[in-house]
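Residue-level listing of the chains:
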Amino acid sequence: SDSGSDSEDSSLSDSELQEAFARGALKPGLNVVLEERPKRRNDTEGLKQCLAEFRQPLSWVERLDVTLGPVADPVSQSTSTSDAVDPENDFQREMSFYRQAQAAVLEALPRLRKLQVPTRRPDDYFAEMAKSDQQMQKIRQKLKSKQEAMERSEKAKQLRAMRKYGKKVQVEILQKRQKEKKNMLNAVKKYQKGLSDKLDFLDEDQTASQGNKKGNASQRTKKGPNAKRRYKNQKFGFGGKKKGSKWNTKESFNDVSSFQSKVAHNKGPGKGGRGGKGGKKALNKRPGKRARQKMKNRAR
């Protein structure tokens, strides 16, 4: 019977809607049925009854409830009421919450100390963390990898800067050399054309080359002979001076102590002369070619 009455109500409502649509009373859009708002009433007795039902007779240490207004503003030296706070202003709203919590702390701390309730965390207090050790290890690895990546990028940036600076120095040196070469060529052309009679560019080149030679000689003296040369010097000796060893000096020129006149003039024994073998050899000496030809011509 209930289902039949619901279907009748729905059919009546549909028929009424059709009639209203036929009359043109319905307009396009959402049709909302407005019900009458309930009247407000302050049921004080009912609220007190509900409060008595869930209220428990516990001491304040178990409840720790503090109901206070906000503490006085140090700037204006006045308590700001809820009406004075603009709810759309975030700063005022948060400051009102902060001052109200501050007032509750100033009220509750002396009462807790009076009841000898500790309010500070001890040094050996151990609290279990919300995240596990595995999660914290992952976070550490992530932070470490990020730090290493930042260090690598910073090192690469420094290397790029050093390469750029090295290239810059190299380009400057090449430009300096090209400029010096160009200046020298211009000076040579001017000298060849007779426009200038200065040879300063040659002096600069000579001084530069001498400086290079001196530097190389100092490097050679500092370096010294190699191991093979030292071994040969130790085995065979240095050999003494070769070049210019037979040159006369002033002392050797004036020294005639080792002079022998007989040996020098072939007067000694065996050196030729009238009474020696050398004289006979001189007598038996073969005539020259021209003399031999004259002798042949005479024989004919």
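Residues numbered from 1 in each chain as written. Predicted model: local features only at pLDDT ≥ 70, side-chain atom pairs only at ≥ 80, totals over all residues. Heavy atoms only, no water.

Draft legend 1. Region of the structure containing the overall build of the protein chain. Within the protein chain one finds 11 helices and zero strands. If you list the helices and strands of the protein chain from N to C, you get α-α-α-α-α-α-α-α-α-α-α. Here the protein chain holds 300 residues, and the buried ones make up 6% of them. The contacts of the protein chain with a sequence gap of at least 6 include a subset with a gap of at least 24, amounting to 43%. Accessible surface, the protein chain: about 29900 Å² in total, of which carbon and sulfur atoms supply 53%. (Helix = DSSP H or I, 4+ residues; strand = E, 2+ residues; numbered from the N terminus. Buried < 20%, exposed > 50% of the residue type's maximum accessible area, 1.4 Å probe, protein only. Contact = heavy atoms within 4.5 Å. Areas by Shrake-Rupley, 256 points an atom, 1.4 Å probe, with all protein chains shown as cover.)

Draft legend 2. The arrangement of a nonpolar patch on the surface in detail. Taken together, L17, F21 and L26 make up a surface patch of nonpolar side chains, about 320 Å² in accessible area. Locating L17 in the fold gives a position in helix α1 (residues 2–23). (Patch = residues over 30% accessible without salt bridge, like charges linked within 9 Å, V, L, I, M, F, W, Y side chains within 5 Å. Salt bridge = Lys/Arg side-chain N within 4 Å of Asp/Glu carboxyl O.)

Draft legend 3. Here's a closer look at the pattern of salt bridges. The tally for this structure, following the rule as stated, stands at two salt bridges. Linking R63 and D65 is a salt bridge whose minimum nitrogen-to-oxygen distance equals 3.4 Å. Classification of D65 by relative accessible area gives partly exposed; the value is 40%. For D90, the salt bridge goes to R93, with nearest N and O atoms at 2.8 Å. Of this pair, D90 and R93 both sit in helix α4 (residues 90–114), three residues apart, which is roughly one turn of the helix.

Draft legend 4. Local environment of the packing of aromatic side chains. Counted under the stated rule, the structure contains zero aromatic pairs. The aromatic ring of W60 is capped on one face by R111, whose charged end is 3.9 Å from the ring centroid. (Phe/Tyr/Trp six-rings, centres within 6.5 Å; stacked < 30°, edge-to-face > 60°. Lys NZ or Arg CZ within 6 Å of the ring centre and 35° of its normal.)

Draft legend 5. The arrangement of a positive patch on the surface in detail. Positive charge collects at one region of the surface, where K157, R160, R163, K164 and K167 lie side by side. When you line up the elements, K164 lands in helix α5 (residues 133–193). (Lys, Arg positive; Asp, Glu negative; His and termini not counted. Charge placed at Lys NZ, Arg CZ, Asp CG, Glu CD.)

Draft legend 6. Representation of the confidence of the model for the protein chain. With 72% of its residues at a pLDDT of at least 70, the protein chain reaches an overall mean of 77. The spread of mean pLDDT over the elements of the protein chain runs between helix α10 (residues 277–283), the lowest at 53, and α4, the highest at 91. Counting contacts from residues 1–9, a segment whose pLDDT is below 50, to residues more than four positions away or on other chains yields zero contacts. (pLDDT = per-residue confidence, 0-100.)

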